Amino acid sequence: MGSTSFIPVARPLLGEEEFEAVRRVLESGILAHGPEVEAFEREFAEFVGVDYAVAVANGTAALDLILKAYRIREGDEVITTPFSFIATANAILYQGARPVFADIDPETYNLDPDKVLELITPRTRAIIVVHLYGHPADMKAFRKIAEDHKLILIEDAAQAHGAEYRGRIVGSLGDAAAFSFYATKNMTTGEGGMVTTNDRRVAERIRMLRDHGQAEKYLHVELGYNLRMTNIAAAIGRVQLRRLPQLNSRRRENAEVMTRILSRVKGIVPPIEKPWARHVYHQYVIRVTSSYPYTRDELAKLLRERGIGTAVHYPRIIPDQPLYQSLGIGCPRGCPEARRAAREVLSLPVHPHVSREQAEMIARTIAELGRS
Ligand SMILES: Cc1ncc(COP(=O)(O)O)c(C=O)c1O
């Protein structure tokens, strides 16, 4: 991509190998569940460092099936973050259970463990933490809460393929984790998802649930769904998994270039990386505070005019969505930090198609606008 063309905020990086992999599957004639899916599951489990990986149709299905496998149901409460993509909380609603929103840590934008503690009741069954933007949540603190209160700990790792917490890959740090391979993610299969877990019974139950509750061919033991991954998607996923270290390194290099410049710009707060974290920058998110001469939305417009795409992840916290308001599910303690983040955050292009020069140009443009 030349430096004069528009830089989109997201764009998947695919090469000859993905085309070849798809061709191989099409020629094999095995298009739905097949050997590519099974190989992808084995390779993904090995990469994350867990015993089991179960491929599903998308990340939302991964979350939904984890909650079903743990038999979360009506009357249960699940504590989660108000500052995520809607799917995190909707998976709780699918079970007839109640999402309880705790506020976030303003530095990492992830769920704040102390705020979670305040909201535990006898009805609490689980916590869903999100490794938002690719920065891991503070899993040691969440592990302790889960153990002390006998809660199921679920990781929403949809934005954090390959991120590390104290040297361990996320997706291996709770009872089960959900990944998404949506087109904009750090690795993609177009649409797709994966559950990772060390719990054999949960893995087996999800294998059944994704396939109409089939225990064996045409023996249906419970109400399941068709949430399988296709062999075509899995073949792409296997190539993308091999590329992932390089894709994440490119994101990290771009992030470093931008942070070096933006950390000196008054009113802009670049993303941080905790000493115990390896951030994979699914999104590179700055805060545009009131000390910057433009508001977040004005800056987004000025950048667009200069050929730089941006996005806001997310402009409205989940409990403020009309769906949640109509259900009367708010934020018990108000979630002031999540609301402030929703007003201030702006995602800049950081994906592997962005060259080092472009990353520098994006950050310099924001610095120059800051001087006007
Ligand atoms: C944090 C988070 N959770 C869940 C999902 C749902 O994944 P999918 O779109 O694959 O259903 C996404 C992404 O889209 C996400 O970003």
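Since we're looking at a predicted model, the values are computed, not measured.

Enquirer: How do you make sense of the packing of helix α3 (residues 59-69) against helix α7 (residues 200-209) when you look at a structure like this?
Expert: Angle between the axes and distance between the axes: these two values describe a pair of packed helices. Here α3 crosses α7 at 120°, and the two axes come no closer than 9 Å. For the element pair α3 / α7, the angle class is oblique. Every pair of crossing elements has a handedness; the one defined by α3 and α7 is right-handed. Two secondary-structure elements touch here, α3 through L65, I66, K68 and A69 and α7 through V202, R205, I206 and L209.

Enquirer: Got a minute to help me understand the domain arrangement of the protein chain in this structure?
Expert: Many structure descriptions define interface size as the accessible area lost when the parts assemble. Split into domains, the protein chain comes out as domain 1 (16-239) and domain 2 (244-371). For domain 1 versus domain 2, the distance between C-alpha centres works out to 25 Å. Contacts between the two partners involve 42 residues from domain 1, matched on the other side by 40 residues from domain 2. Together, F101, Y133 and N186 form the three largest contributors to the area buried by domain 1 at its contact with domain 2, with a combined 21%. Linking domain 1 with domain 2 are two salt bridges. Across the pair E118 and R333 runs a salt bridge whose closest N-O atoms are separated by 2.9 Å. Connecting domain 1 to domain 2 are 23 residue pairs in polar contact (both at pLDDT 80 or more). Listing elements by their share of the side of domain 1 that touches domain 2, those giving two or more residues are α4 (87-94), β3 (98-101) and β6 (164-165). A per-element tally of the side of domain 1 that touches domain 2 places β3 first, with four residues.

Enquirer: Before we go on, may I ask you to explain the pairing of strand β1 (residues 52-56) in this structure?
Expert: Side-chain positions along a regular strand alternate between the two faces of the sheet. Taking burial as the measure, the five residues of β1 include four buried ones, the bulk of the element. In this sheet, strand β9 (residues 193-197) lies alongside β1 in antiparallel orientation, the contact comprising five bridges. For A55, the partnering residue across the bridge sits in β9 and is M194.

Enquirer: Looking at this structure, how should I read the pattern of salt bridges?
Expert: Opposite charge on two side chains permits pairing when their charged atoms draw close. Here the structure, examined in full by the defined rule, presents 29 salt bridges. The salt bridge involving D148 is made with K144; its shortest N-O contact spans 2.6 Å. Of this pair, D148 and K144 both sit in helix α6 (residues 139-149), four residues apart, roughly one helical turn. Residue D211 pairs with R228 through a salt bridge whose shortest N-O separation is 2.7 Å.

Enquirer: Would you take a moment to explain the environment of R24 for this structure?
Expert: With respect to the helices, strands and loops of the structure, R24 is situated in helix α1 (residues 16-28). Measuring from C-alpha to C-alpha, the distance between R24 and I232 comes to 9.0 Å, with 208 residues separating the pair along the chain.

Enquirer: Quick question: what am I supposed to make of the sheet that holds strand β12 (residues 268-269) here?
Expert: Strand order in the open sheet formed by three strands is β12-β14-β15, with antiparallel pairing between adjacent strands. Because the sheet does not close on itself, it has two edges, and the strands there are β12 and β15 (345-348). Note: β12 against strand β14 (residues 284-288), two bridges, orientation antiparallel. Bridging from a neighbouring strand, V269 pairs with R287 of β14. Against the sheet, helix α8 (residues 231-262) engages β12, β14 and β15, with an angle of about 15° to β14.

Criteria and cut-off values
- Residues numbered from 1 in each chain as written.
- Predicted model: local features only at pLDDT ≥ 70, side-chain atom pairs only at ≥ 80, totals over all residues.
- Heavy atoms only, no water.
- Axes fitted to C-alpha atoms, helices over the stretch in contact; angles between N-to-C directions.
- Helix = DSSP H or I, 4+ residues; strand = E, 2+ residues; numbered from the N terminus.
- Parallel < 35°, antiparallel > 145°, perpendicular 65-115°, else oblique.
- Left-handed = near helix turned anticlockwise from the far one by under 90°.
- Contact = heavy atoms within 4.5 Å.
- Domains from an automatic or database assignment.
- Buried area = accessible area lost by both parts, 1.4 Å probe.
- Salt bridge = Lys/Arg side-chain N within 4 Å of Asp/Glu carboxyl O.
- Polar contact = N/O pair within 3.5 Å; in protein donor to acceptor, adjacent residues only side chain to side chain.
- Buried < 20%, exposed > 50% of the residue type's maximum accessible area, 1.4 Å probe, protein only.
- Pairing = 2+ DSSP bridges.

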